[in-house]
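# Remarks on the overall topology
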Amino acid sequence: MDGNGRWAKLRGLPRSAGHKIGAKTFQKITRYCNQVGIKYLTVYAFSTENWARPKEEVDALMSLFREYLKDAHNFADENVKVQFIGDRSAFDDDIISLMEECEKESADFTGLHLNIALNYGGRDEIIHAAKTLYDDIASGKIKDKSEINKKLFSSYLYTSGQPDVDLIIRPSGEYRLSNFMIWQSAYAEYVFMDILWPDFTEKALDKALDEFAKRNRRFGGV
Ligand code: IPE
Ligand code: MG
């Protein structure tokens, strides 16, 4: 969800104003994905690198997370299952509790599976997986290195049990992955769009999905 800051700057507003509208866009697009039958959606809300931003901006983002999390139970009728991916231990205790509550309340929902990436980094995720795997080797749960394969390793990622990523949409005119789901997106299709996240619409998503439908996916075959 990129481009909030530039959206605000273009209007002479503080960056936090862009994040505020961006959060609204996030809710609109999530609802739409659920409506059109998308099974999994992951949004990159805060990266492991975003802590480096000015305190004022980080604080504004934390306030927005709190607001969203406190509101989340109001969306129960939407049937969206929420999961947070990333290292949540870095957040304030009240935010961690709200995240847990939100996951628990929506655990049995059968609509869209929404991953919200918070304090998430793809490299971090792989290291976290390797450490957990190490523990399972040390405890004897994994006995032989022949047991370690792609399927097993995937099960140690935050997205354990979820399918690989099909489509990555990067808005805001940047042509980078920025440490996003680097394992899961090995065969993903990329759609880069020249639209700032607060301006992102259902129509823009349709456009990306149309583009995706035209791609010829061969997964290394012919
Ligand atoms: C939102 O956009 C991404 C978040 C970390 C919430 P940015 O804040 O990266 O906006 P730009 O790239 O400065 O325009
Ligand atoms: Mg950015």
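Our subject is the structure listed above.
The structure reproduced in this document is the subject of the present report. As the structure is a prediction and not an experimental result, all values here were calculated from the model.

Our focus in this paragraph is the overall build of the protein. In terms of regular secondary structure, the protein is built from seven helices and five strands. Here the protein has a C-alpha radius of gyration of 18 Å; the compact-globule value for 222 residues is 17 Å, and the two agree. The buried share among the 222 residues of the protein stands at 41%. In the protein, 71% of the contacts between residues at least 6 apart in sequence involve partners at least 24 apart. With an accessible surface of roughly 12800 Å², the protein has 52% of that area assigned to carbon and sulfur atoms. A gap of 5 Å separates the mean positions of the 31 positive and 34 negative side-chain charges of the protein.

Let us look at the sheet that holds strand β1 (residues 40-47). Pairing is parallel in the open sheet, where three strands are placed in the order β1-β3-β2. For this open sheet the edge positions go to β1 and β2 (81-85), each flanked by a neighbour on one side alone. For this sheet, the mean angle separating the axes of adjacent strands, direction not counted, is 20°. As judged from the seven bridges shared by β1 and strand β3 (residues 113-120), these two strands associate in the parallel manner. Bridge pairing links Leu-41 to Leu-114 in β3. In this fold helix α3 (residues 55-71) packs onto β1, β2 and β3, with an angle of close to 145° to the strand it touches most, β1.

When the terminal C-alpha atoms of α3 are compared, their 24 Å separation across 17 residues agrees well with the 24 Å that a helix rising 1.5 Å per residue should span. All of the buried residues along α3 are Glu-57, Val-58, Leu-61, Met-62, Leu-64, Phe-65, Tyr-68 and Leu-69. Take α3 and look down its axis: the buried residues cluster within an arc of 160°, on one side only. Exposed side of α3, more than 90 degrees from the buried face: Lys-55 and Glu-56 are the residues found there.

The next subject is the pattern of salt bridges. Opposite charge on two side chains permits pairing when their charged atoms draw close. Enumeration over the complete set of coordinates arrives at 16 salt bridges. A salt bridge links Glu-189 to Arg-215, with the shortest nitrogen-to-oxygen separation between them at 3.0 Å. In this pair, Glu-189 sits in strand β5 (residues 189-192) while Arg-215 sits in the segment after α7 (202-214), placing the two residues 26 residues apart along the sequence. By sharing partners, the salt bridges in this structure join Asp-2, Arg-6, Arg-170, Glu-174 and Arg-176 into a single network.

On to the site of ligand 1, then. As a structural note, the neighbourhood of ligand 1 is formed by 13 residues, with Asp-2, Gly-5, Arg-6, Arg-15 and Arg-53 the closest of them. Gly-5 has a polar backbone atom sitting 2.9 Å from an oxygen atom of ligand 1. Its free accessible area being 390 Å², ligand 1 has 87% of it covered by the protein chains. Mapped by element, the contributors of at least two residues to the shell around ligand 1 are α1 (4-10), α2 (15-35) and α3. Examining the composition of the shell around ligand 1, we find that three residues originate from one element, α1, more than from any other. Of the residues in the shell around ligand 1, the class split is three nonpolar, five polar and five charged.

For the rest of this paragraph, the subject is the side chain of Ser-185. Mapping Ser-185 onto the fold places it in the loop between β4 (167-170) and β5. Once residues within four sequence positions are removed from consideration, Ser-185 is found in contact with Val-165, Ile-168, Leu-177, Phe-180 and Tyr-190.

What follows concerns the nonpolar core. By size, the foremost hydrophobic cluster in this structure holds 36 residues, and its most contacted members are Phe-91, Leu-114 and Ile-116. Elements with a contribution of two residues or more to this core: α2, β1, α3, β2, α4 (93-106), β3 and α7. Apart from the residues within four sequence positions on either side, Phe-91 is in contact with Phe-46, Trp-51, Met-62, Phe-65, Ile-96, Met-99, Leu-118 and Asn-119. Ile-85, Tyr-120, Val-165 and Met-181 belong to the second-largest nonpolar core, a separate cluster that totals 10 residues.

Cut-offs and rules
Residues numbered from 1 in each chain as written. Chains lettered and ligands numbered in written order. Predicted model: local features only at pLDDT ≥ 70, side-chain atom pairs only at ≥ 80, totals over all residues. Heavy atoms only, no water. Helix = DSSP H or I, 4+ residues; strand = E, 2+ residues; numbered from the N terminus. Rg over C-alpha atoms; globule rule 2.2 N^0.38 Å. Buried < 20%, exposed > 50% of the residue type's maximum accessible area, 1.4 Å probe, protein only. Contact = heavy atoms within 4.5 Å. Areas by Shrake-Rupley, 256 points an atom, 1.4 Å probe, with all protein chains shown as cover. Lys, Arg positive; Asp, Glu negative; His and termini not counted. Charge placed at Lys NZ, Arg CZ, Asp CG, Glu CD. Pairing = 2+ DSSP bridges. Axes fitted to C-alpha atoms, helices over the stretch in contact; angles between N-to-C directions. Expected span 1.5 Å × (residues − 1). Arc of directions from axis to C-beta. Salt bridge = Lys/Arg side-chain N within 4 Å of Asp/Glu carboxyl O. Near = heavy atom within 4 Å. Polar contact = N/O pair within 3.5 Å; in protein donor to acceptor, adjacent residues only side chain to side chain. Nonpolar A, V, L, I, M, F, W, Y, C, P; charged D, E, K, R; others polar. Core = buried A, V, L, I, M, F, W, Y, C linked by side-chain atoms within 4.5 Å.

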